[in-house]
Amino acid sequence: MDWIETIVNGLLLGGLYGLFGLGLALVFGVMRVVNLAHGEFIVLAAYAGTMLAAMAPGVPPLLWVLPVAVAAFGVGYALQALLVNRAVRTGDPLTPLLLTFGLAVVLRNLMVETFGTDPRALDGGQFTRAGIDLFGLRIGLFPLTALAIAAVMFFALQWLLTRTEWGRIVRATSDNFRIVRLMGVEPNRVYNTVMGLALAFTAVAGMLLALRTSFTPYSGVERLLIAFEVVILGGLGSFWGAFAGGMALGVAQLLGQKIDSNAGSLYAHLLFFVVLILRPTGLAGRGR
Amino acid sequence: MAALLDIESLQVWYGDLQALYGVSMQLDEGGVLALIGANGAGKSTLLGAVCGLLEGRAAGAVRFGGVPVLGQPAEALARAGIALVPEGRMLFPSLGVEENLRMGLRTRRSGPWTLPRVYQLFPVLEEFRHRPATALSGGQQQMVAIARALLCNPRLLLCDEISLGLAPMVVEQIYASLQRIRGEGLAIVLVEQDVRRACQSADRVCCLLKGRVTLQGAAGAFDHAQIAQAYFGH
């Protein structure tokens, strides 16, 4: 029973991990840009949520997800429009990589300057400590909610991409950014909304992180690593693969922690390593 | 009346390499111009300069409906009414047949071409509308590419090698549909390897050789020897 509970908790944690990877997978899938500042944006959203919650103590902290995500959309849109599109235009894939690397350094140090290096957390109150009994298992209400939110995000993105006109334009632009221009589509504008949406997803992940655990301005690097592993485990550009990848990492980490209480995340990285050797294209990869 | 498309001493360079040396040509509203020439003569470069997808550096003038358009971005020209059927079809592989077609509607131009109309022109596409675009045969994919361009409701349709790699019967079908498309009054530039077919389908012909115009005039005005001379340039 103990083991089953650990696995279930791993799956719940994996939902959050999948969400870490979602924004990264979206940006890479559409414009082939790796956002190295992804982790910093997760942490930035966590700080934003914590600040908002401190200003209005009566409001359930989870509600702040919405305004933070909307603001993150604006930040992503502006970031793409003002900086990343210019970097992409150079034609050298290294330029956007260096740009986002530099951005990560700047953001991290700005956060140290503004918030200090003391660990912070967002107190979700009773809700984050409550649990429910399910088939004899004790399951945290908050991890369950986090998984549900992550699943909703994945479904929403899938729906947007496959069922809406916006999604059709995004897929076409991702296929061939020159040819869409013949149909009156401006690829840069598409990229702006994609980056906005990616950072909105990232902000949701950051808020959930803040409610789950404490963080410092330096927490971004570790989240970026998780996001990378999730995206690569799932197979580049596959969103459902990323969700499954997140679950696998979550389970590996918690099982590892149970066996060896000091080195939980080592086992997650080991799993990643093993999958890379056995199946380099990822769980859902088609071996392109 | 001014020509719909007026190209005047157009020059194009890719780096230090010059691809077009002062090319001039005109096309009237509703006309069909066949652009012929060997590989590397500069036909695709010319189309690129007209539709805004050119990657090189250009000088000279391209006027569309009297308005200078050289150097304008492709998305603006698409909205102004220039559509291209690109060489190699360039369908969106992630999209289904109808999704590919709907991309053409993005220019939001009104005109005779609607989804039902293109399905009438190419009934097989309606049958396969939910299939992935890349699951179709080459000829059917070419139909998708043409229909997608038509849905932009262009005033000028540029067709780059639309018969390339297709079986003769399919080519016959594609060219038959082109005659019906002409009936809607848009002007067409046909880039074609098959000189005879090009001359049959067009009312004017223009031959390029190494970036220069070597022959230009009414499609029926030249005999085989003249065209061969212009094409190969002995």
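Whatever comes next refers back to the structure up there.
Along each chain, numbering runs from 1 in the same order as the chain's sequence is written. Chains carry letters from A onward and ligands carry numbers from 1 onward, assigned in written order. For this predicted model, a pLDDT threshold of at least 70 governs which residues receive local features, and a threshold of 80 or more governs which side-chain atom pairs are given and counted, while totals over whole chains, interfaces and linings are taken from all residues. Values reported for side chains reflect all heavy atoms of the structure, with hydrogen atoms and water molecules removed beforehand.

(A) Spatial organisation of the overall build of chain B. A helix here means a DSSP run of H or I that spans at least four residues, while a strand means a run of E at least two residues long, and both kinds are numbered starting from the N terminus. Of regular secondary structure, chain B possesses 9 helices and 10 strands. Every radius of gyration here is taken over C-alpha atoms, with the globule rule written as 2.2 Å times N^0.38, N being the number of residues. The globule rule puts the C-alpha radius of gyration for 234 residues at 17 Å, and the 17 Å found for chain B is close to it. Taken along its principal axes, the extent of the C-alpha atoms in chain B is 50 × 35 × 35 Å. Accessibility here uses a 1.4 Å probe with only protein chains present; expressed as a share of the type maximum, an area under 20% marks a residue as buried, one over 50% as exposed, and anything in between as partly exposed. Taking all 234 residues of chain B together, the buried fraction comes to 53%. For this analysis, residues touch if any pair of their heavy atoms sits within 4.5 Å. Within chain B, counting contacts between residues at least 6 apart in sequence, those at least 24 apart form 69% of the total. Calculation of accessible area relied on Shrake-Rupley with a 1.4 Å probe; when residues are assessed, cover is drawn exclusively from the protein chains displayed. Accessible area of chain B: about 9900 Å², with a carbon and sulfur share of 51%.

(B) How the structure looks around the packing of aromatic side chains. Pairing of aromatic rings covers Phe, Tyr and Trp, the last counted by its six-membered ring, and requires centre-to-centre distances within 6.5 Å; plane angles under 30 degrees mean stacked, over 60 mean edge-to-face, and any other angle means tilted. Considering all chains together, one arrives at 9 aromatic pairs over all chains under this definition. Between A:Phe154 and A:Phe243, the aromatic rings sit 4.5 Å apart at their centres with planes inclined by 50°, giving tilted as the arrangement. Here the residue A:Phe154 occupies a position in helix H6 (residues 141–163), and A:Phe243 occupies one in helix H10 (residues 239–259), the gap between them amounting to 89 residues. In this pair, the class of A:Phe154 matches that of A:Phe243, namely buried. Each residue in the set A:Phe154, A:Phe155, A:Trp240 and A:Phe243 is aromatic and connected to the rest through ring pairs, giving one cluster. Here B:Arg117 stacks its cationic end above the ring of B:Trp113, 4.7 Å away from the centre of that ring. Over the ring of B:Tyr21 we find B:Arg212; its NZ or CZ atom is 4.1 Å from the centre of that ring. Should the NZ of a Lys or the CZ of an Arg lie within 6 Å of a ring centre and within 35 degrees of the ring normal, that charge is described as sitting over the ring.

(C) Quick peek at the sheet that holds strand E4 (residues 57–64) of chain B. Residue and element names in this part refer to chain B. Only strands that DSSP links by at least two bridges are regarded as paired with each other. The strand order across the open sheet formed by 4 strands is E2-E1-E4-E5, and the pairing between neighbours is antiparallel. At either margin of the open sheet sits one strand with a lone partner, and together these are strand E2 (17–27) and strand E5 (67–68). Relative to E2, strand E1 (residues 5–14) runs antiparallel, the two being bridged by 7 bridges. Note on E2: the bridge partner recorded for Tyr-14 is Leu-17. To get an axis, fit a line to the C-alpha atoms, keeping to the stretch in contact for a helix; angles then go from 0 to 180 degrees between the N-to-C directions. Here helix H1 (residues 43–51) sits on the sheet and contacts E1, E2 and E4; the angle it forms with E1, its principal contact strand, is near 115°.

(D) Helix H7 (residues 168–182) of chain B, seen in detail. Residues and elements named next belong to chain B. To estimate how far a helix should reach, multiply one less than its number of residues by 1.5 Å. The terminal C-alpha atoms of H7, which comprises 15 residues, lie 21 Å apart, in line with the 21 Å expected from a rise of 1.5 Å per residue. Within the span of H7, buried status applies to Val-171, Ile-174, Tyr-175, Ser-177, Leu-178 and Ile-181. Mapping the buried residues of H7 onto a view down its axis gives an arc of 155°, with all of them on the same face. Looking at the buried positions of H7, the neighbouring elements they touch are helix H4 (115–121), helix H6 (138–150), strand E7 (156–160), strand E8 (187–191) and helix H8 (195–201). Directions pointing from the helix axis toward each C-beta atom define the arc.

(E) Quick look at the environment of B:Ala3. Along the chain, B:Ala3 turns up in the segment before E1. Non-local contacts of B:Ala3, meaning those with residues more than four positions away in its chain, are made with B:Gln26, B:Leu27, B:Asp28 and B:Gly65.

(F) Examining the sheet that holds strand E3 (residues 32–37) of chain B more closely. Residues and elements named next belong to chain B. Strand order in the open sheet formed by 6 strands is E6-E7-E8-E3-E9-E10, with mixed pairing between adjacent strands. Of all the strands in the sheet, just strand E6 (82–85) and strand E10 (212–218) have a single pairing partner and so form its edges. Direction aside, neighbouring strands of the sheet carry axes that sit 15° apart on average. Bridge count for E3 against E8 is 4 bridges, and the pairing is parallel.

(G) Inspection of a nonpolar patch on the surface at higher detail. Here, patches come from residues exposed beyond 30% relative accessible area and free of salt bridges, joined within 9 Å for like charges and within 5 Å for nonpolar side chains (Val, Leu, Ile, Met, Phe, Trp, Tyr). A pairing counts as a salt bridge when a side-chain nitrogen of Lys or Arg comes within 4 Å of a carboxyl oxygen of Asp or Glu. Side chains of A:Leu266, A:Leu270, A:Phe273, A:Val274, A:Ile277 and A:Leu278 sit close together on the surface and give an oily, nonpolar patch of about 600 Å² of accessible area. Here A:Ile277 shows up in helix H11 (residues 264–278).

(H) Layout of helix H3 (residues 65–89) of chain A. All names here are of chain A. In this model H3 runs 33 Å from its N-terminal to its C-terminal C-alpha over 25 residues, within 8% of the 36 Å that 1.5 Å per residue would give. Bend is the name given here to the angle between axes fitted to two runs of seven residues, the run ending at a residue and the run starting at it. Along H3, the helix axis deviates most sharply at Gln-80, where the bend reaches about 45°. In this structure, the buried side of H3 is in contact with helix H1 (2–31), helix H2 (38–55), helix H4 (94–115) and helix H8 (187–212). Gly-91, located one to two residues past H3, shows a positive phi value of around 80°.

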